[in-house]
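# A structural walkthrough
One letter stands for each residue in the lines below.
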Amino acid sequence: PLWMNSARKPLDDVRVRRAISLGIDRRNFARATSAGLAQPATGLFPSEHWAHDKSIDQYSGVDRVGGRALVWGAGLGWGFEMTMIGPNDDRSRQRQEFVAQQLSQIGIRVQIRGLSVNDAIKSYFVDRAVDSLLVVFGGRPDPSVTMRDLFGRNAFLNPSRSEPAGFSEALAASVASEDIE
């Protein structure tokens, strides 16, 4: 996934994060970076996973005009510059260059920095020194663990240390029962 630190400006504006989402063609990303063998991601869980929410699939399409309008509406005029780090191997670099090219079409100039995997993780999650991180994420077997690790206020994988309203209560309710529904 492309991790975005929502504690850093302008990524603290949901319109900017939504613009980034609209600016990336997931289908072509999968084709270009995995020989078409990957499934375009529409959420945290693959479409076959029982916890996948099919209602969010509608929000995963590319819309560069809409993305550009959101950048403009966020008061960023013709765009802005952001940093993106990730592992420095060839496959990771290909992913980073694809995303940077896609975002350039909506006015976002991406400065790419390749690091070792450990240095990239430290720079983003520990030091919180950059705007974004593009790295492969395998998730966790239990969806509640994935959600806790990504959105919990003190979670390592949540560099902004912000938590959605009602998150703790919803997470507690989700683990209070063994019933999938």
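Here's a quick rundown of the structure.

Rules of the game
Residues numbered from 1 in each chain as written. Predicted model: local features only at pLDDT ≥ 70, side-chain atom pairs only at ≥ 80, totals over all residues. Heavy atoms only, no water. Axes fitted to C-alpha atoms, helices over the stretch in contact; angles between N-to-C directions. Helix = DSSP H or I, 4+ residues; strand = E, 2+ residues; numbered from the N terminus. Parallel < 35°, antiparallel > 145°, perpendicular 65-115°, else oblique. Left-handed = near helix turned anticlockwise from the far one by under 90°. Contact = heavy atoms within 4.5 Å. Nonpolar A, V, L, I, M, F, W, Y, C, P; charged D, E, K, R; others polar. Buried < 20%, exposed > 50% of the residue type's maximum accessible area, 1.4 Å probe, protein only. Core = buried A, V, L, I, M, F, W, Y, C linked by side-chain atoms within 4.5 Å.

### As for the packing of helix H2 (residues 26-34) against helix H4 (residues 90-104)
Packed helices, taken two at a time, are described by their axes: the angle between them and the distance between them. The contact between H2 and H4 brings their axes to 10 Å, and the two run at 150 degrees. With respect to H4, the element H2 is oriented roughly antiparallel. The hand of the H2/H4 crossing is right-handed. Across the interface between the two elements, Asn 28, Phe 29, Ala 32, Thr 33 and Ser 34 of H2 pack against Arg 91, Gln 94, Arg 95, Phe 98 and Val 99 of H4. Tallied by class, the residues present in the contact of H2 with H4 amount to 4 nonpolar, 4 polar and 2 charged.

### A few points about the side chain of Ser 132
Structurally, Ser 132 can be placed in strand E4 (residues 132-134). Residue classification places Ser 132 among the buried residues on the basis of a relative accessible area of 0%. Not counting chain neighbours up to four residues away, the residues in contact with Ser 132 comprise Leu 2, Trp 3, Met 82, Thr 83, Met 84, Ile 85 and Tyr 124.

### Some points on the nonpolar core
Membership of the largest hydrophobic core comes to 18 residues, with the highest contact counts inside it found for Leu 2, Ile 20, Val 99, Leu 103, Ile 108 and Val 110. Every element with two or more residues in this core is listed here: helix H1 (14-23), helix H3 (64-76), strand E2 (80-87), H4 and strand E3 (108-115). Not counting residues up to four positions away in its chain, the partners in contact with Ile 20 are Leu 2, Met 4, Leu 11, Met 82, Leu 103, Ile 106 and Ile 108. Among the nonpolar cores identified, the runner-up in size contains 11 residues, and Leu 115, Ala 120, Val 130 and Leu 150 belong to it.

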